[in-house]
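# Examination of the molecular architecture
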Amino acid sequence: MEALVHAGGKGTRMGRCGIEKPMMKVGDKCAVERVIEALNASKKIERVLVSVSDNTLETEKYLNSIGVETVRTSGDDFMGDLHQALECMNGEYVLTTPSDLPLITTEIFDAIIDYFVPGMMDSLLAVIDERTVRGLGITPSYTRESRGNSWVLSGVSIINRKKTLNGDYLEEVLFETNWPELSVNVNTQRELTLARSFFKE
C-alpha cells in the first residue's frame, strides 16, 4: 500500500514561532520525520509520498535532502491538496496521515492496515475514544458519535484513491482505539509541549 503524509498546511493554530509545523522538534527529530520513519519501517507500505506546499518550503527542502519523495500542492485547502497528491499515486488504496503525529508507531500503522478489508471497505478512519484524548489534557475540536460513544478523528485513514478522485461517495468504517499515540496532534504550542514530554528522560 502507498502512504501519503500531509505536510503542506499553514499551521495557523501553532502561532508565530519561525519554524514550519512539520519541522517542529519532538525529541531529537522533527515531527514529520518521526511519521515517515514509522511508515518506512512497515513492511506493508511500499511507497511514502509527502505533500508539501509554498507554506512548507523548508520542510520540502529538508525532506528532499534526506531522500524523501515529495509533491508540491497548492496549500489552499485540504481536499484540493489531497486530490493533487492522489493524482501522483498509483495504488487502488492509499493510507493518509497528517505529519503532526510524532508519537505514532509502525505497529499502529500496521494494525490499521490489517483491519482494512480491500473490496469491502472504501474508507477506514482511525479514531480515539474521547475520554483518552481529554485524559491527556487535550480538548478535541470535533467528535463523532458511534455505538453510544464519542470518538475523535486521528487524521489517519485509508481511502479508495480512484473513488476519491472521482468524487464518489465513500462509506466510512471506524477503527476504534484508545491509543494516546494517535491522540497527540501537534496543532498548538500546548500539544507540542505534551508531545515533547513523552521523549524526556
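In what follows, the accompanying structure is described.

### Quick look at the environment of threonine 105
Within the secondary structure, threonine 105 is located in the loop between strand E6 (93-98) and helix H4 (106-115). A residue is classified by how much of its surface remains accessible, and threonine 105, at 25% relative accessible area, is partly exposed. On a C-alpha basis, the gap between threonine 105 and isoleucine 36 in space is 9.8 Å, while along the polypeptide they are 69 residues apart.

### What to know about helix H2 (residues 57-65)
Every buried residue belonging to H2 is among Thr59, Glu60 and Leu63, and all of these are buried. The buried residues of H2 occupy one face: seen down the axis, they fall within an arc of 100°. Opposite the packed face of H2, turned more than 90 degrees from it, sit the exposed residues Lys61 and Ser65. Buried residues along H2 sit against helix H1 (31-40), strand E4 (47-52) and strand E5 (70-72). Among the residues trailing H2, glycine 67 stands out with phi positive, at a value near 85°.

### Points about the nonpolar core
Among soluble globular proteins, nonpolar side chains are generally buried collectively. Core analysis: the biggest nonpolar cluster contains 45 residues, and Leu39, Ile104 and Val156 have the highest contact counts within it. The leading source of residues in this core is H1, at six residues. Once residues within four sequence positions are removed from consideration, isoleucine 104 is found in contact with Val35, Ala38, Phe109, Val156, Glu181 and Leu182. Counting residues in each nonpolar core, the second largest holds ten residues, with Leu4, Val71, Leu82 and Ala85 among its members.

About the criteria used
Residues numbered from 1 in each chain as written. Predicted model: local features only at pLDDT ≥ 70, side-chain atom pairs only at ≥ 80, totals over all residues. Heavy atoms only, no water. Helix = DSSP H or I, 4+ residues; strand = E, 2+ residues; numbered from the N terminus. Buried < 20%, exposed > 50% of the residue type's maximum accessible area, 1.4 Å probe, protein only. Arc of directions from axis to C-beta. Contact = heavy atoms within 4.5 Å. Core = buried A, V, L, I, M, F, W, Y, C linked by side-chain atoms within 4.5 Å.

Shape descriptors only; they carry no functional weight alone.
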